[in-house]
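Here are the chains, one letter per residue:
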Amino acid sequence: MWAELAPIGRDAGTGGYRRYAWSGADADCRTWFQEQAEARGLTYETDRNGNQWAWLGDPLAGDAVVTGSHLDSVPDGGAFDGPLGVVSSFAALDELRRRGAEFSRPLAITNFGDEEGARFGLACVGSRLAAGQLTKEKAYELRDAEGISLPQAMEAAGYDPEAIGADPERLGRIGAFVELHVEQGRALDLSGDRVGIASAIWPHGRWRFDFRGEANHAGTTRLVDRRDPMLTYASTVLAARAEAALAGAVATFGKIAVEPNGVNAIPSLVRGWLDSRAADQATLDTVVTAVEKAARERADQDGIDLDIVRESFTPVVEFEHALRDEMNRILGGSVPVLGTGAGHDAGILSAAVPTAMLFVRNPTGVSHSPREFAAEDDCVAGVLALADVLEGLACR
């Protein structure tokens, strides 16, 4: 499975993946998922929001055990973030069949759409829609860098955008959702463990900063006469790093858009996106408030107009303790439990469904990069741990 999936959406120059929502690469990934489902005799379906499902047992019976992740990527992302969870889910089912496991609850494997938010700027679109955390109206406002709207992209890919929206009936069928994911950090590598269990997801959000100045000639405009928003933006980037360091949080400006974007032109607009995360809400609020204050003070100094918009936010997610503890018991009781600063579909669904996560060791901690990696024996350990958990939950 890994070899079949590996070439899809991979850029020959960077070695990274560009599997964006509703693109050709995304369609190829979806075809691969359907083929894997049908090859195992599973009931395949796509829900109203474009999320894919592969069912063993009656999809309508309720109290189902569901596993899976996502297949899309960030720009030039790694091979493991998302796909490891989907591949491992199919592999875990194969392992359970090899063991002769008898299921007492329905089992499903899923691929949630547009988890990374690389195209439309909002993460976990598929699961947010299903959980009612993203309305149809707000989803229709999402646009990519070329101005193509989410419904236009869905329609071009052959899906009906009119159908999108909350799906409580489907989520009501789920008794537990367990997502396996490559660890995005080095906690397991430092502890010497192959597999871990998630305790919580840090609160996190995305804020858009629009710095508006005055376009002018780069060679003839005196420095004292300039209203250059790039300087204000640069100062804000440094402030974000300083405030995050003081608070023990993280803050990143990783995306920027400049107008008119000419080498010999002073910008009229610099638009930057801040991603900030912290272990608790109070710390996150402190960091973002301080960054906003620093940005506004420098904007006033530079004669720059500044607008700040919070584009998305996810509060702290505490995974259900009963499910987490049951998974630890199934796996022998000594599996490390760790928090994460990365968002996941499991975190979005946790408000409506009992959810949990398994992490597989990442020896470098690198993620969202072509250098992202997990060793094959660790991936196999993850599959076996997931199989044990699914057996313990669905085969009682």
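Let us look at the structure shown here. In this numbering scheme, every chain counts its residues from 1 along its sequence in written order. Residues qualify for local features only when their pLDDT is at least 70, as the model is predicted, and side-chain atom pairs are given and counted only at 80 or more; totals for whole chains, interfaces and linings, by contrast, use all residues. Excluding hydrogens and water, the side-chain figures rest on all heavy atoms present in the structure.

By definition here, a salt bridge exists when the distance from a side-chain nitrogen of Lys or Arg to a carboxyl oxygen of Asp or Glu is within 4 Å. Under the definition given, this model contains 29 salt bridges. For the salt bridge of Arg 208 with Asp 210, the shortest nitrogen-to-oxygen distance reads 3.2 Å. As far as burial versus exposure is concerned, Arg 208 and Asp 210 are alike and both buried. Because the salt bridges share partners, they merge into one network encompassing Glu 95, Arg 98, Arg 99, Asp 388 and Glu 391. Burial classes follow relative accessibility: with a 1.4 Å probe on protein chains only, a residue under 20% of its type's maximum area counts as buried, one over 50% as exposed, and anything between as partly exposed.

Turning our eyes to something else, we now look at the sheet that holds strand β12 (residues 305-314). One open sheet holds the four strands; their spatial order is β9-β11-β7-β12, and the pairing between them is antiparallel. The outermost strands of the open sheet, each flanked by one partner alone, are β9 (250-259) and β12. On average, each strand axis in the sheet is inclined to that of its neighbour by 15°, with strand direction left out of account. Sheet analysis places β9 next to strand β11 (residues 269-277), joined by nine bridges and oriented antiparallel. Bridging from a neighbouring strand, Thr 252 pairs with Asp 275 of β11. Contacting β7 (204-212), β9 and β11, helix α9 (residues 229-247) runs over the sheet at an angle of about 170° to β9. Here, residues are in contact when the closest pair of their heavy atoms is within 4.5 Å. Axis definition: a line fitted to C-alpha atoms, limited for helices to the stretch in contact. Angles are taken between N-to-C directions and run from 0 to 180 degrees. For helices the rule is a DSSP run of H or I covering at least 4 residues; for strands it is a run of E covering at least 2, with both sets numbered from the N terminus onward. Set on the sheet, helix α10 (residues 281-302) makes contact with β7, β9, β11 and β12; between it and β7 the angle comes to about 5°. When DSSP finds two or more bridges between a pair of strands, those strands are recorded as paired.

This part takes up the packing of aromatic side chains. Each Phe, Tyr or Trp ring (for Trp, its six-membered ring) is paired with any other whose centre lies within 6.5 Å, and the angle between the two planes then decides the class: stacked below 30 degrees, edge-to-face above 60, tilted in between. Under the criterion given, the structure shown has 13 aromatic pairs. Arranged with centres 6.4 Å apart and planes meeting at 55°, the rings of Phe 33 and Tyr 44 form a pair that is tilted. Here Tyr 44 lies in strand β1 (residues 43-46) and Phe 33 lies in helix α2 (residues 24-39), a separation of eleven residues in the sequence. Assessed through its relative accessible area of 0%, Phe 33 is described here as buried. Relative to Phe 373, the ring of Phe 80 lies with its centre 6.1 Å away and its plane at 80°, an arrangement referred to as edge-to-face. Placement of Phe 80 in the loop between β3 (64-69) and α3 (83-99) and of Phe 373 in the loop between β15 (355-360) and α13 (376-394) is noted, with a sequence separation of 293 residues between them. What makes Phe 373 partly exposed here is its relative accessible area of 41%. Any Lys NZ or Arg CZ found within 6 Å of a ring centre and within 35 degrees of that ring's normal is scored as a charge over the ring. Above the ring of Trp 273, the side-chain terminus of Lys 255 is found at 4.6 Å from the ring centroid.

Honestly, that's just the spatial picture; any functional story needs more than this.
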